[in-house]
Amino acid sequence: PCRRRLSSMAAGAWPAAAAAARAAARTLGRLVPRTHSHSTAATTNSSPSSPAHTLDDYNRLLAALARDGDGESALRVLRRMRHGSPAACAPTAASYVSAMSALAKAGRAADATALFDDMLAHGVAPDRRAYSLLLHVYSTHLGLPAAGLSVLHWMSGLGVRPSAVDYADLIFSFCRAGQLPDALQLLDEMRELGYPLPPHVYSPILQAHCDAADIPAAEALIAFMRASGGRSGCNPDVVIYNIYIHGLCRVGDFHAVQRVINDSVWNWWVPDAVTYSTYVAGLCRAGYIEDAFRQLDIMVAKGLQLTVVGLNILLDYAAKDVDMWVAKEVMERCEELGFEVDVVTYNTVMEHFSKKMQWLIALRLFTDLLKKPITPDVQTYNILISSLCRAGKFELAKFVFSCNGFVADTVTCNILIHQFYGAGKEGELGFLFSDVDAGKITPDTITYNTLVDCLFRSGRRTEAANLVRHIDGGYPAEPVAHLAFWLVRSGNVREALSLFDDMLVKGVALDAMVFANVIKAFCRKGPGECTDMTQLCSVLDRMLGIG
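Residues numbered from 1 in each chain as written. Predicted model: local features only at pLDDT ≥ 70, side-chain atom pairs only at ≥ 80, totals over all residues. Heavy atoms only, no water.

1. Let's talk about the overall build of the protein chain
What counts, and what does not: The way it works is that DSSP assigns letters per residue, a run of H or I at least four long becomes a helix, a run of E at least two long becomes a strand, and they are numbered from the N terminus. The buried label applies to any residue whose accessible area, calculated with a 1.4 Å probe on protein chains only, is under 20% of its type's maximum; exposed applies above 50%, and partly exposed to all values in between. Pairs of residues are marked as contacts when any of their non-hydrogen atoms sit within 4.5 Å.
When its secondary structure is counted, the protein chain shows 29 helices and zero strands. Residue burial in the protein chain is summarised as follows: out of 547 residues, 46% are buried. Once local pairs closer than 6 in sequence are excluded, the contacts in the protein chain between residues at least 24 apart make up 61%.

2. A word on the environment of R469
Relative to the helices and strands, R469 is located in helix α25 (residues 461-470). On the basis of relative accessible area, R469 is assigned to the partly exposed category, the value being 25%. The sequence separation of R469 and L499 amounts to 30 residues, and the corresponding C-alpha distance is 8.9 Å. Setting aside residues no more than four positions away along its own chain, R469 makes contact with G474, Y475, L499 and D502.

3. Focus: the packing of aromatic side chains
The condition is simple: Stacked, tilted and edge-to-face are the three classes applied to pairs of Phe, Tyr and Trp rings, where Trp contributes its six-membered ring and a pair requires centres within 6.5 Å; stacked means planes under 30 degrees apart, edge-to-face means over 60, and tilted covers the rest. Criterion for a charge above a ring: Lys NZ or Arg CZ within 6 Å of the ring centre, and within 35 degrees of the ring normal.
Across all of its chains, the model carries 16 aromatic pairs by this definition. Between Y131 and W154, the aromatic rings sit 5.2 Å apart at their centres with planes inclined by 80°, giving edge-to-face as the arrangement. One end of the pair, Y131, is in helix α6 (residues 128-141); the other, W154, is in helix α7 (residues 145-157), and 23 residues separate them in sequence. Among the residues examined, Y131 registers a relative accessible area of 5% and is labelled buried. The interplanar angle of 85° and the centroid separation of 5.8 Å between the aromatic rings of F254 and Y288 together place this pair among those described as edge-to-face. Of this pair, F254 sits in helix α13 (residues 254-262) while Y288 sits in the loop between α14 (273-285) and α15 (289-301), placing them 34 residues apart in sequence. Assessed through its relative accessible area of 10%, F254 is described here as buried. Taken together, the aromatic side chains of F366, Y381, F394, F401, F406, F420 and F431 make up a single cluster linked through ring pairs. In this arrangement the basic side chain of K320 is found over the ring face of Y317, its NZ or CZ atom lying 4.4 Å from the centre.

4. Observations regarding the packing of α14 against α15
The test is simple: Angles shown run from 0 to 180 degrees and are taken between the N-to-C directions of axes, each axis being a line fitted to C-alpha atoms and, for helices, limited to the stretch in contact. Note on angle classes: values under 35 degrees are labelled roughly parallel, values over 145 roughly antiparallel, values of 65 to 115 roughly perpendicular, and the remainder oblique. Crossing handedness is read from the near helix: turned anticlockwise from the far helix by less than a right angle, it gives a left-handed crossing, and turned clockwise, a right-handed one.
At their nearest, the axes of α14 and α15 sit 8 Å apart, and the two run at 165° to each other. Our classification of the angle between α14 and α15 gives roughly antiparallel. The two elements α14 and α15 cross, and the hand of that crossing is left-handed. Packed against α14, whose contacting residues are A273, Y276, S277, Y279, V280, L283 and C284, the element α15 presents I289, D291, A292, Q295, L296, I298 and M299 at the interface.

5. Description of the nonpolar core
The test is simple: As used here, the term nonpolar core means buried Ala, Val, Leu, Ile, Met, Phe, Trp, Tyr and Cys residues forming a set that is joined through side-chain atoms within 4.5 Å.
One finds I171, L206, I385, L483, F500, V518 and M543 to be the most contacted residues of the largest nonpolar core, which totals 169 residues. Residues within four places of F500 in sequence aside, it is in contact with A484, L510, V514, V518, V539 and M543.

6. Examining the pattern of salt bridges
Rules: By definition, a salt bridge exists where a carboxyl oxygen of Asp or Glu is found within 4 Å of a side-chain nitrogen of Lys or Arg.
Summed over all chains, the structure comprises 21 salt bridges. Put simply, R460 and E463 hold a salt bridge, and the shortest N to O gap is 2.9 Å. With a relative accessible area of 25%, R460 lands in the partly exposed category. Residues participating in the shared-partner salt-bridge network are E395, K398, K425 and E428.

7. Side note on helix α28 (residues 512-522)
Note the threshold: Here, the arc refers to the directions that run from the helix axis to the C-beta atoms. The definition of a polar contact used here is a pair of N or O atoms within 3.5 Å, where within protein one atom must be able to donate a hydrogen and the other to accept one, and adjacent residues in sequence count solely through side-chain atom pairs.
Regarding α28, the residues found buried are V514, F515, N517, V518, A521 and F522. Summarising the axial view, the buried residues of α28 lie within an arc of 165°, below the 170-degree limit, and thus occupy one face. Across α28 from its buried face, at more than 90 degrees, point the exposed residues A512 and K520. Two to three positions downstream of the cap, the backbone nitrogen of M513 sits 2.9 Å from a side-chain oxygen, assigning the N-cap of α28 to D511.

8. Some points on helix α10 (residues 199-211)
Think of an α-helix as turning once every 3.6 residues; residues three or four places apart then point the same way. Our working definition: Expected span of a helix, by definition, is 1.5 Å for each gap between consecutive residues, and there is one gap fewer than residues.
Over its 13 residues, α10 runs 18 Å from end to end, which matches the ideal 18 Å to within 8%, given 1.5 Å per residue. Within α10, ten of the 13 residues are buried, which leaves the element mostly enclosed by the surrounding structure. For α10, every residue scored as buried is listed here: P199, V201, Y202, S203, P204, I205, L206, A208, H209 and C210. Positive phi appears at A213, one or two residues downstream of α10, with a value of about 60°.

9. Points about the side chain of T113
Summarising the element assignment, T113 is placed in helix α5 (residues 109-121). The class of T113 is buried, set by a relative accessible area of 11%. Every residue in contact with T113, bar those within four places of it in the chain, is listed here: L134, V137, Y138 and L142.

10. Some points on the UniProt feature "repeat: PPR" (unreviewed entry) in the protein chain
Condition: UniProt positions are given in the numbering used here, feature names are shortened, and annotations may be inferred rather than shown by experiment.
The sites that UniProt annotates as "repeat: PPR" (unreviewed entry) are residues 92-126, 163-197, 272-306 and 342-376. For the annotated span residues 92-126, helix accounts for 74% and strand for 0% of the residues, and the straight-line distance between the end C-alpha atoms is 9 Å. Within residues 342-376, the helical portion is 71% and the strand portion 0%, while the C-alpha atoms at the span's ends are 9 Å from each other.

Here's what the structure looks like:
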């Protein structure tokens, strides 16, 4: 039996920030609108008996709303402070900073920048926190490092000294935007102004060098950090070396990786789980599975565990390049050692057993998963359903489809259509089509392509043609291409031409993939091996409207 999905959160499990917001709202009485909008209490806000609220009360509420990311409520509080409160409670720079922060956290970065303009329009002088937040919103949330740099220059021109965090924000943003020279210029400026340069300031620059496969530049940066580390405190740490090792793995220089790890004791850093997981993943992708397992042994000896991502990569490549049974054994052994495994881990191993028609092992893995504090996802169910269908276990596949907690998706639909039609059991698909008709599953292009293929192969040519004529208003390109291929391949060229004529009359242009499939159908033995070149040319002329 399938496990019922547990509720994701207990009813009272609110974030601490939300609790703080509620507490502050209680302090302010009726500041936040109530759900009972017609209550008589709501009309007494301005009565003499209402307690007076201080600026600190409002700012505490705004700070709580900022932590909770409640931008809309923060705007309502600001409006109340401006229009419904004593002048002593007019918004300050701190009030605007909290509201901007709430908007940014709510994904409304553009509104946050607009609120900064509103602050200026109301004659409130921004403080350093306000400028820094505006810079952060431009550079990080909106991905506009040039605008963030303008804010930095604006601050400096007004005599407001930017912080090291402001510079770090901009360096990260310029690196992410692929503007490395601007990032390096800011790094030089930080150095000239005497700012501390901890490793995290260098990390996005190193990442940019590695992403560009510029290993010499990465090595030069690390060498510079080591040389100046005693003076500025920027000795490379494990994060820096992990970025570097990832770059070395991407270019396949595993000798250099091993050298960096071997020299770690002399360079005052200790390889961690991420170091070895990165190394293992790189070896797997390069096809060095045995070397990857040797590194796994070293990790276990050091008391380190592969990250779940590293483990999943190792299992995937082990199943493909060595043996799926080895992958299963490694997963079980890693679980015994306390390694973190997740639903992707199980999906990875189940997928390989499914491809090898080992449906019983896939089912056992699924039942093992249900016994653990891991929730199967839609891919888990799809792998199992596909495996069962390919093994001819259609009733069991239907049972899995109906399990409590499983919400089928379009991939599930496509798997079932393909497998049931292939086995001549399309009459049993009522359980699936009822969900499609009810809007629980939305078919996609692959669904329609699969239906066209299956209908044609099962001898229901007319149904396939009618389906194509009525999908999404009629004649979508890919299903038409599939139908054209089968019509020409089966010798029903006249029906294909009739289909093309109907489309042209209705103003539907023939897509390039339709031409490609017609040519492919005529050239059964491969390119240049057309069975009837004269007929092909005639068909192409008709399709082009020149025949």
